[in-house]
Amino acid sequence: MNQVPDQHGRFGRFGGRYVPETLMNALFELEDAYLKFSKDPVFLAELDGLLRQYSGRPTPLYYAGRLTERLGGAKIYLKREDLNHTGAHKINNALGQGLLAKRMGKTKIIAETGAGQHGVASATVAALLGLECKVFMGEEDMKRQELNVFRMRLLGAEVVPVTSGTRTLKDACNETLRYWVSHVEDTYYILGSATGPHPYPMMVRDFQRVIGVEAREQILAAEGRLPDVIVAAVGGGSNAIGIFHPFLEDWDVKLIGVEAGGRGIDTDEHAATLTKGRQGVFQGSLSYVLQDEYGQVLPAHSISAGLDYPGIGPEHSYLKDSGRAEYVPITDAEALEALQVLSASEGIIPALESAHAVAQAIKLAPTLPKDAIVVVNLSGRGDKDVESIMSYLEGENR
Amino acid sequence: MNRIDATFERLRREGKSALIPFLTIGDPDLAASAELIAACAAAGADMIELGVPYSDPLADGPVIQRASERALQNRVTLEDVVRTAAEARRLGADIPYILFSYYNPVLQYGLDRFFKLLEEHDISGLIVPDLPLEEDGELRDRAEAAGIHLIPLVAPTSHERIARITARARGFVYCVSSLGVTGMRSEFHASIDDFLASVRSASPVPICVGFGISNREQVLRFEGKTDGVIVGSAIVRKIEEALPLLGDSGKRAEGVRQVEQFIRSLRV
């Protein structure tokens, strides 16, 4: 595949920089700084040191033997991003961008968050690097993820409730961008997904690539060959692009992104942007978007706050249209079921986001021969979700 | 000649600067918007910005966000906005129209259809706040071909971009008074006057300033420094205050009169 993005931040036709003029120089400044430091051995060594010493990388690639046996098909490996410090892959990017902010001389950082994992990761990095941190979070998500709100506050961050629009991730992103426009001269925006205007989709991908780079080495060490399939959940798409990217040239490795099918993709309540959306400009880039015929962005729905987003990173749109990756929906109910299966069979409680990827693996594995290999990106752990899972399951039983 | 150019020529002859109100069309409903557009013209507005309501107005503060939400509750579309403006012509609004829309509604409507619609309904200018010069090539070419002015924004952070932006500007250059989103404010960017002077010296077309200008004192503050001012949130706020009147067909005239009076008070 060609090197993407190009200098205009385009992945094929997707991507770009669709933002108010006020932000344009900040984006160019960021791009210049990123291109400079991403080639600086001192910067890279510092990031690598933190990923190892602070976050606990490399994360294991774990062979899920009992789950494999139960499903009776392909071997399932789990890339254990849930074992990162703060409990999800989000820390990989937050550390990278936090260090970059510091090198750029910024003392204040802002971040958006849905499930709270990126907010927690940003608040953590702010504490570690001595930066001031504000996290914008939808009021609705603050209710769903109360524990993470408390964690962020404990870490010294200010959590700013977002009351506009849908009061979820979409509007948290809008509010963070609006705040950034007002404070662009001294504030660094740590965007948490592979979305938004260039250079974010490229930069976030690069900081998350460590997942795929490690997984590649680990599966070669364990099995002596590459996997047949890699499965990852996609909301904005950062964990998926992180694990997919180092395998893009390995044409025999099938890449499957799992979208939130919510209450079903034939209802209005889902977040299956690539399955049901159309191309449009949303929050800084051209990509697939859930929208009505007039171009108004539709509210998404997912049991998982981290996938509850009507947009998608532009590189995923590119991978979908080029056919290199395939995107499938998993419903709320299927994700909940998968979460329970993995918990009971392996003693691993996945985040609701990651449970979508597990659910797809559970569907897929029995259809494949026993010597096939499926790698699932277990992007986060489920501790943050335990309370909401409890209320969902109680609701089901009632 | 484009009506915007003709208006600036007239203002130059008269030694005046332009007053350009912004309205979110469809707030509170289309019929009220048509009357409000006509009221703007009657109150001495020289041109008017017609805001297309959008679900994710990134460049807007809470006042215009709420107006957008109200209009979207009525499912107001891009086409409705343009037709309402045409309706206001029949009510006596004979000033140039500038459509203000985020890019996605335009993109989804389709660029061919879009420019045909604008031409058919006598729209003279276009502002797309989330389309910087790096992304505006296709829209610019189409606008040029249709004789519609694509009016660019410049910000206090634009610095060396000012020359490139103004070189391609048509109609006028929209100078953003402060960092941030639309909305009333008591202070503008610290170096606003230097910024305006640098845009003015670079620009081959008139320059206007907007974002946060909400009263006569602030309009006066920019007198002589620009060729016009844009007043948005303060008017939309007046409309919001007059909602109980505007929403009631028996009392609508009084609501419209209040908004008209406010706009008149801005006229220097």
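As a reminder, the structure under discussion sits directly above these lines.
Residues numbered from 1 in each chain as written. Chains lettered and ligands numbered in written order. Predicted model: local features only at pLDDT ≥ 70, side-chain atom pairs only at ≥ 80, totals over all residues. Heavy atoms only, no water.

Novice: Go over the overall build of chain A with me, naming the residues and quoting the values.
Specialist: Along the backbone of chain A there are 15 helices and 14 strands. Here chain A has a C-alpha radius of gyration of 19 Å; the compact-globule value for 398 residues is 21 Å, and the two agree. Across its three principal axes, chain A shows a C-alpha extent of roughly 55 × 50 × 40 Å. Looking at chain A residue by residue over its 398 residues, the buried ones come to 65%. (Helix = DSSP H or I, 4+ residues; strand = E, 2+ residues; numbered from the N terminus. Rg over C-alpha atoms; globule rule 2.2 N^0.38 Å. Buried < 20%, exposed > 50% of the residue type's maximum accessible area, 1.4 Å probe, protein only.)

Novice: Account for empty space enclosed by the protein, naming residues and giving values.
Specialist: Residue and element names in this part refer to chain A. By the definition in use, this model includes nine cavities of 30 Å³ or more. Lining the largest cavity are 34 residues, and of these H89, K90, S238, G306 and E353 lie nearest its centre. Within the residue set of the lining of the largest cavity, elements represented by two or more residues are β5 (108-113), α5 (117-129), α8 (169-183), α10 (238-244) and α14 (352-364). Computed from the structure, the second largest cavity encloses a volume of approximately 180 Å³. Split into classes, the residues belonging to the lining of the second largest cavity amount to 10 nonpolar, no polar and five charged. (1 Å grid on protein atoms, 1.4 Å probe; cavity = no way out; pocket = protein on both sides within 12 Å on 5 of 7 lines; lining within 4 Å. Points joined across faces, edges and corners; volume = space filled by probe spheres on them. Nonpolar A, V, L, I, M, F, W, Y, C, P; charged D, E, K, R; others polar.)

Novice: A description of the sheet that holds strand β10 (residues 254-262) of chain A should follow, citing residues and the corresponding values.
Specialist: Residue and element names in this part refer to chain A. Here we have six strands laid out as an open sheet, ordered β3-β4-β14-β9-β10-β13, and mixed in their pairing. One side of each edge strand has no neighbouring strand; the edge strands of this open sheet are β3 (61-63) and β13 (325-331). Averaged over all pairs of adjacent strands, the angle between their axes in this sheet comes to 25°, without regard to strand direction. With five bridges joining them, strand β9 (residues 229-233) and β10 adopt parallel strand pairing. Counted as the bridge partner of V231 is I256 from β10. Along the sheet face, helix α9 (residues 200-223) touches β3, β4 (75-80) and β14 (373-378) and points at about 140° away from the line of β4. Its contacts with the sheet place α14 against β4, β9, β10, β13 and β14, and it is angled at close to 165° to β14. (Pairing = 2+ DSSP bridges. Axes fitted to C-alpha atoms, helices over the stretch in contact; angles between N-to-C directions. Contact = heavy atoms within 4.5 Å.)

Novice: Give me helix α11 (residues 233-241) of chain B: which residues, what numbers.
Specialist: Within α11 of chain B, burial applies to S233, A234, I235, V236, I239 and E240 of chain B. In this structure, the buried side of α11 of chain B is in contact with β1 (18-24), α2 (30-42), α3 (62-73), β9 (228-231), α12 (243-246) and α13 (252-266) of chain B.

Novice: How would you summarise the packing of helix α4 (residues 78-90) of chain B against helix α6 (residues 111-120) of chain B if you had to cite specific residues and measurements?
Specialist: All names here are of chain B. Where α4 meets α6, the axes come as close as 10 Å, and the angle between the chain directions of the two elements is 15°. By the criterion of interaxial angle, the relationship of α4 to α6 is roughly parallel. Taken as a pair, α4 and α6 cross one another with a handedness that is right-handed. For the pair formed by α4 and α6, the contact residues are L78, E79 and V82 on the first element and R113, F114, L117 and L118 on the second. Residues that form the contact of α4 with α6 fall into these classes: five nonpolar, no polar and two charged. (Parallel < 35°, antiparallel > 145°, perpendicular 65-115°, else oblique. Left-handed = near helix turned anticlockwise from the far one by under 90°.)

Novice: Could you give me a rundown of the pattern of salt bridges, with the residues and numbers involved?
Specialist: Going through the model one piece at a time under the given rule, you end up with 61 salt bridges over all chains. The partner of E29 of chain A in a salt bridge is K106 of chain A, and the shortest N-O contact between them spans 3.8 Å. With a gap of 77 residues between them, E29 of chain A in helix α1 (residues 21-37) and K106 of chain A in the loop between α4 (90-103) and β5 connect regions that are remote in the sequence. Overall, the relative accessible area of 38% leaves E29 of chain A in the partly exposed class. The exposure class of K106 of chain A is buried, given its relative accessible area of 10%. For E138 of chain B, the salt bridge goes to R142 of chain B, with nearest N and O atoms at 3.5 Å. Placement of both E138 of chain B and R142 of chain B in helix α7 (residues 137-146) is noted, with a separation of four residues, approximately one turn of the helix. Three or more residues joined by partner-sharing salt bridges are found here, namely R10, E14, K16, D46 and R267 of chain B. (Salt bridge = Lys/Arg side-chain N within 4 Å of Asp/Glu carboxyl O.)

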